[in-house]
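Summary of structural features
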Amino acid sequence: MTQKKRGFLMALWDFFCSLKLSIFTLIMLAVTSIIGTVLQQNQTKEQYLHVFSPKTYAILDKMQMFDMYHSTWFIGLLMLFCVNLICCSIKRLPRVWKIVTKPTLVPSQAVLDAFPNTVERTVRGSLSEIRPRMEVFVKDNFAATRSTETDDGVYLYAEKNKYARFGVYVTHMSILIIFTGAIIGNVFGYKAYVNIPEGGSIDKVWLRSGEPVDLGFKVTCEAFSVSYYPDSQRPKEYKSILTVEEDGVVVVDKRPIIVNDPMTHNGITFYQSNFGPAGSEIMTVKAKLRGEDKAQVYTLRRGEKAQLPDGTSITAADFTTSYRNFGPAARLNVRKQGEDEISVIVFKNFPEFDQQRKGTYLFSLEDFTQRYYTGLQATKDPGVWVVWLGCTLMVIGSLIAFFVSHQRMWVVLREKDGKVQVRLVGTAHRNQPAYELYFDKLKEAFNKHLA
Amino acid sequence: MTSGSYFNIVTISYFASMVLFIAFLATKSFGVARLATWVAILGFILQTVGIGLRWYETYQIPGGAGYAPMSNLYESVVFFSWTILLIYLLIEWKYKQKAVGAFVLPFAFLAMSWAQLSLDSSIAPLVPALQSNWLTYHVITCFLGYAAFAVACGVSIMYLIKVGREEDVGRGKAGGVLSLFPSAKILDDLNYKAIMIGFPLLSIGIITGAAWANYAWGTYWSWDPKETWSLIVWFIYAAFLHARITRGWAGRRAAILSIIGFAATIFCYLGVNLLLSGLHSYGS
């Protein structure tokens, strides 16, 4: 390799390791992410053409703006972010590893002089007398010491929280782990939907693309219900009761699932997603002859017809669970023999309502049953645990990186003419101001100890 | 007394405290500053009682199953001002820089007066999607993070004023009101400290949100505008943290990034709900 080429490669390497690139990528990610929050994503072409001219649409489409978070350029930016993370870790980690595993027990004079927190004192006595005193002092005030004897004197070394140095790298790695989890989920997982009517069963779910996925087991919706808060239209709970069968054997029996409480079976999680009416409602209509106590009760599906004893026919024409705040209501088409058909509205909550019509028969809606279907989302994501692992590491890593500091201390003892020169040097790898305060107090203790 | 009347007194307290902190800058009287802090503490205690009372009130409405009062815009704004005070009082207690109060209390006062004057304070039971303990964890961590960013923003504004004036006056120390400001170095450090508190909280807030989304909807991330904006905020403060250790980026640029970060935070909190569409519609 030529000198020039090596120089270029080194420059490229430095570029991928640099903090400037990190700052640039972070800011670029922040700025470009805004686009997708302003421009609605993943709409249909028609919806976009409603807003944009065909020319603008073509340009934006070409730039993958309509699905920008999955666009080549956005993924590229995320990859640049990852490459930057990996490179800077590769560059810095070996040095940090050395600091943690092979501490400098005997630093050079120049290294010691570079640390701002230092105190020195010369005391009468011999090395063999002062050394244990200083070992005790450092142990009591900081941490246990390791001693090294050199021609130059004795060096004591002590340290605390050395693993704090890894906090930053754990945080960086956690981001890569989260991305890995997301990729696993995208490749090996899926997100699908299925509607099951009450009483019905399914053994497949459908992807957004319309493609079916075999579950390998059978899911039955035993029942679905919606409940509301008293005197309001505010929903309180959507609940499906599910039963799972494998090869004809019930493995999950009548498990209720609600929003915020999904069911997982064989790695596939079912979420309560939506619901709707399945088939026609069954109405129980009471018909009473005016002035008599006896009444007939008819159970009718929507559209079904019944014959009253006098030949009058009623048809359950329509039904709603809520008619203008009056609650459940049904519309009956009533045809008396030889007369025109009339419409009668009956309410479940107001059985006397039909009184005012003054007809031969008094109709009321006794009850109704509405069959629903439940809409479930079925998700398989084998990567989700990797994502949570990454998230946990990120929190732990960043807390360590921010709040724990690796502190080191050296004591250099030199014997000279019946006196010992004692030099104490301390350093912390972060939060210098707080460490300075700590060291000022330590200085006082040091002077008192040697006085 | 209802929680609403407590919150009215709280609003007045924060207003009084804010005025006192500003008076402190003008009078340079530390007695005034101490009074300002005590009024703020009083307001904070009353607000704590008020939030507790509102929590109790959620059990009293018909059919009310009770919920932590952080579920609609009104409750979240009240809670936001509570977290601002919490973080501010902790920082004041630890770093003893009273002038900062004049730049942080206004955020708390604005939030409270907006909530009390124009937001709907009615208590409504939770819709199914919000019935989850994740709601509480998610909201508490997010808002503690936001509050730390609010303090950082106040400190950054002070930094820019201080540095700007020092440059105007030449290299000497700025006099007048600014003499009560902490030194530029301390302000820069406080800015960093506040963001250091806020960033992990925001991260936890995003993670608890993702965990909840996964639990309720089966997707931990769907690029919903609220999610995306929280990530934008995260990117900005991550850039800030890296900028601070880069030569030429500490000081003024870091302060500007911190202010941009808080603007993005506010947009994430309010702008997304008021201007964009998505999952976080505060149940309305």
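For the structure itself, consult the block above.
Residues numbered from 1 in each chain as written. Chains lettered and ligands numbered in written order. Predicted model: local features only at pLDDT ≥ 70, side-chain atom pairs only at ≥ 80, totals over all residues. Heavy atoms only, no water.

**Some thoughts on the interface of chain A and chain B**
This is how it is decided: Working rule for contacts: check all heavy atoms of both residues, and any pair within 4.5 Å makes them a contact. Accessible surface is computed with a 1.4 Å probe, and the buried area is the amount of it that two parts give up when combined, taken over both parts together. Criterion for a salt bridge: a side-chain nitrogen of Lys or Arg within 4 Å of a carboxyl oxygen of Asp or Glu. Residues adjacent in sequence count toward polar contacts only when both atoms are side-chain atoms; beyond that, a polar contact is any pair of N or O atoms within 3.5 Å, and within protein one must be able to donate a hydrogen and the other to accept it. Each helix corresponds to a stretch of at least 4 residues labelled H or I by DSSP, and each strand to a stretch of at least 2 residues labelled E; elements are numbered beginning at the N terminus. When residues are sorted by character, Ala, Val, Leu, Ile, Met, Phe, Trp, Tyr, Cys and Pro go into the nonpolar class, Asp, Glu, Lys and Arg into the charged class, and all the rest, Gly among them, into the polar class.
Contact residues are listed per partner, giving 47 residues for chain A and 49 residues for chain B. Between chain A and chain B, roughly 4100 Å² of surface is buried when both sides are summed, and carbon and sulfur atoms account for 70% of that area. Linking chain A with chain B are zero salt bridges. The interface formed by chain A and chain B includes 13 residue pairs in polar contact (both at pLDDT 80 or more). Secondary-structure elements contributing two or more residues to the side of chain A that touches chain B are helix H2 (19-38), helix H8 (167-188), strand E7 (235-246), strand E18 (372-380) and helix H9 (384-403) of chain A. Split into classes, the residues belonging to the side of chain A that touches chain B amount to 29 nonpolar, eleven polar and seven charged.

**Examining the packing of aromatic side chains**
Counted only if it meets this: Working definition: a ring pair exists when centres of Phe, Tyr or Trp rings (six-membered ring for Trp) sit within 6.5 Å. Plane angles under 30 degrees give stacked, over 60 give edge-to-face, the rest tilted. Any residue under 20% of the maximum accessible area for its type is buried, any over 50% is exposed, and the rest in between are partly exposed; the area is computed with a 1.4 Å probe on protein chains only.
The final tally for this structure, using the stated rule, is 53 aromatic pairs over all chains. Both rings, one in Phe217(A) and one in Phe270(A), keep their centres 6.2 Å apart while their planes meet at 75 degrees; by these two values the pair is edge-to-face. Of the two residues, Phe217(A) is situated in strand E6 (residues 212-228) and Phe270(A) in strand E10 (residues 268-277); the sequence distance between them amounts to 53 residues. Assigned by exposure class, Phe217(A) and Phe270(A) land together as buried. Members of the aromatic cluster, joined through ring pairs, are Phe44(B), Phe79(B), Phe80(B), Trp82(B), Phe143(B), Tyr146(B) and Tyr269(B).

**What to know about the pairing of E7(A)**
Residue and element names in this part refer to chain A. The cut-off we apply is this: One bridge is not enough; two strands pair if DSSP finds at least two bridges between them.
Strand direction decides the pairing type here: E6 and E7, joined by ten bridges, are antiparallel. Following the sheet pairing, Lys-218 is matched in E7 by Glu-245. Here E6 folds back onto E7 in antiparallel fashion, the turn holding six residues, of which Asp-231 has a positive phi close to 55 degrees. Bridging between E7 and strand E8 (residues 249-258) involves seven bridges; their strand directions are antiparallel. Looking across to E8, one finds that Lys-239 is bridged to Ile-258. Connecting E7 to the next strand, E8, in antiparallel fashion are two residues, including Asp-247 with a positive phi near 50 degrees.

**Focus: the sheet that holds strand E17 (residues 361-369) of chain A**
Residue and element names in this part refer to chain A. Put simply, the test is: Orientation is described by axes fitted as lines to C-alpha atoms, over the contacting stretch for helices, and by angles from 0 to 180 degrees between their N-to-C directions.
Pairing is antiparallel in the open sheet, where three strands are placed in the order E12-E11-E17. The outermost strands of the open sheet, each flanked by one partner alone, are strand E12 (295-301) and E17. Each strand axis lies, on average, 25 degrees off the axis of its neighbour in the sheet, ignoring direction.

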